[in-house]
Amino acid sequence: MDLQEQLEGLQREAESAIAGAENSTALEAVRIRLLGRKEGRLTEIMRGLGQLPAELRPQAGAAANQVKERLAALLDARADVLDSGAPATPREDLSLPGRIRWRGARHPVTLVVDEICSVLAGLGFTRARGPEAETDWYNFTSLNTPLDHPAADMHDTFYLAPGVLLRSHTSPVQMRVMQQYQPPVRVVAPGTVYRRDPFDASHAPAFEQLEGLAVDEGISFVDLKATLAEFARRLFGSATRVRFRPSFFPFTEPSAEVDVSCMICGGRGCSACKQTGWMEISGAGMVHPSVFANAGYDPERYTGFAFGMGPARIAMTLYGIPDIRLLYENDTRFLEQFVDA
Ligand SMILES: [Zn+2]
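Read on for an overview of the structure. (Residues numbered from 1 in each chain as written. Predicted model: local features only at pLDDT ≥ 70, side-chain atom pairs only at ≥ 80, totals over all residues. Heavy atoms only, no water.)

1. With respect to the layout of surface pockets
Part 1 of the argument: Looking at the largest pocket, its volume works out to about 1300 Å³.
Part 2 of the argument: Glu 280, Ile 281, Met 309, Gly 310 and Arg 313 are the residues nearest the centre of the largest pocket, which is lined by 48 residues in total.
Part 3 of the argument: Of all the secondary structure elements, the ones that give two or more residues to the lining of the largest pocket are helix 7 (150-155), strand 6 (206-216), strand 7 (242-249), strand 8 (252-261), strand 9 (278-287), strand 10 (303-309) and helix 11 (311-319).
Part 4 of the argument: Here the element with the most residues in the lining of the largest pocket is strand 9; it accounts for seven residues. (1 Å grid on protein atoms, 1.4 Å probe; cavity = no way out; pocket = protein on both sides within 12 Å on 5 of 7 lines; lining within 4 Å. Points joined across faces, edges and corners; volume = space filled by probe spheres on them. Helix = DSSP H or I, 4+ residues; strand = E, 2+ residues; numbered from the N terminus.)

2. Some points on the packing of aromatic side chains
Part 1 of the argument: Per the counting criterion, the structure on display carries 10 aromatic pairs.
Part 2 of the argument: Centre to centre, the rings of Phe 305 and Phe 307 are 6.3 Å apart; their planes meet at 25°, and the pair counts as stacked.
Part 3 of the argument: The exposure class assigned to Phe 305 is buried, which follows from its relative accessible area of 2%.
Part 4 of the argument: Taken together, a centroid distance of 5.3 Å and an interplanar angle of 70° make the contact between Phe 334 and Phe 338 edge-to-face.
Part 5 of the argument: Aromatic rings pair up to connect Phe 125, Phe 305 and Phe 307 into one cluster. (Phe/Tyr/Trp six-rings, centres within 6.5 Å; stacked < 30°, edge-to-face > 60°. Buried < 20%, exposed > 50% of the residue type's maximum accessible area, 1.4 Å probe, protein only.)

3. So, the coordination of the zinc ion
Part 1 of the argument: Around the zinc ion, the donor atoms from the protein are Cys 262 (SG), Cys 265 (SG), Cys 270 (SG) and Cys 273 (SG), and they sit 2.2 to 2.3 Å away.
Part 2 of the argument: In this structure, the zinc ion is surrounded by four donor atoms whose angles at the metal cover 102 to 115°, and the resulting shape is tetrahedral.
Part 3 of the argument: All donor residues of the zinc ion come from one chain, and their arrangement in sequence is C-x2-C-x4-C-x2-C. (Donors = N, O, S within 2.8 Å, 3.2 Å for Na, K, Ca; no water. Tetrahedral: all angles 85-135°; square planar, octahedral: opposite > 155°, others 65-115°.)

4. Side note on the environment of Leu 27
Part 1 of the argument: Here Leu 27 is to be found in helix 2 (residues 24-35).
Part 2 of the argument: The exposure class of Leu 27 is buried, given its relative accessible area of 4%.
Part 3 of the argument: For the pair formed by Leu 27 and Ala 256, sequence separation is 229 residues and the distance between their alpha carbons is 86 Å.
Part 4 of the argument: The contact partners of Leu 27, leaving out residues within four places of it in the chain, are Ile 18, Ala 21, Leu 75, Arg 78, Ala 79 and Leu 82. (Contact = heavy atoms within 4.5 Å.)

Shown next, in the form of structure tokens:
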């Protein structure tokens, strides 16, 4: 390496060492390392001058002196800065107001879905899911609902193409699970469903539904009642009472509407339960034998029950949400209330 390169390398190294010295002790150590009379780096380089041909020495000596002066000036300047007490490097301005961080949270409907699924997991139900675009066979026909059946009108469906539609309920997942697995089956299937409902305070054209299905040999209506009663007690509290009212669904027989004692007033009557003391939470029933036949199960051998719920409606009740549209507007002023809920 020739002398010029050595000097340039030393100068670069020295500049960053001087700038990085955080106090006068560190700066003095840098000074000794660079310019010390015995072992300073520049001193060593200048000793090498003696080996150069005589005609090159004056020029090299001048270059070395220039570097020496430059380093001495830098060391003095740095010493002044350190003496003045100014911070060695610019620091954060702690007087600036802090930034409020946006904290994400789970949507209130998702919170309810997770809670329901967690309670049902304790009763042996596994999560299942199916497609949101379905064929009319899965959505209606296989579930004992012929397309000219009045129940098909009830749903007033979004068709994507002939025979293909946005599912109007989560019940098609029952059929898909039964086609794939042999009994015993216990599944819970949450998901979005679509109906041509107006978008008003209590209706939305797309909303969450949740389907439960249990199939095995020897399952009776007693199992249905006991399961849903235990489910309600675990979800809403141990004092919750349950009642069943006769109802109709094409894919269950017999069918029932399931009410629980109002979780707001405890059954005494309030505005949330319209003074009745009861809240409807589920439609349920024993799976119709023809549904089993469509799934390839032997209806003589297997029985089972199914139930459906609307997590959005349950969320509205639990959190006192007056208008279902609030759940879909993605207004963070509304949603942030459920952080840590
Ligand atoms: Zn009430």
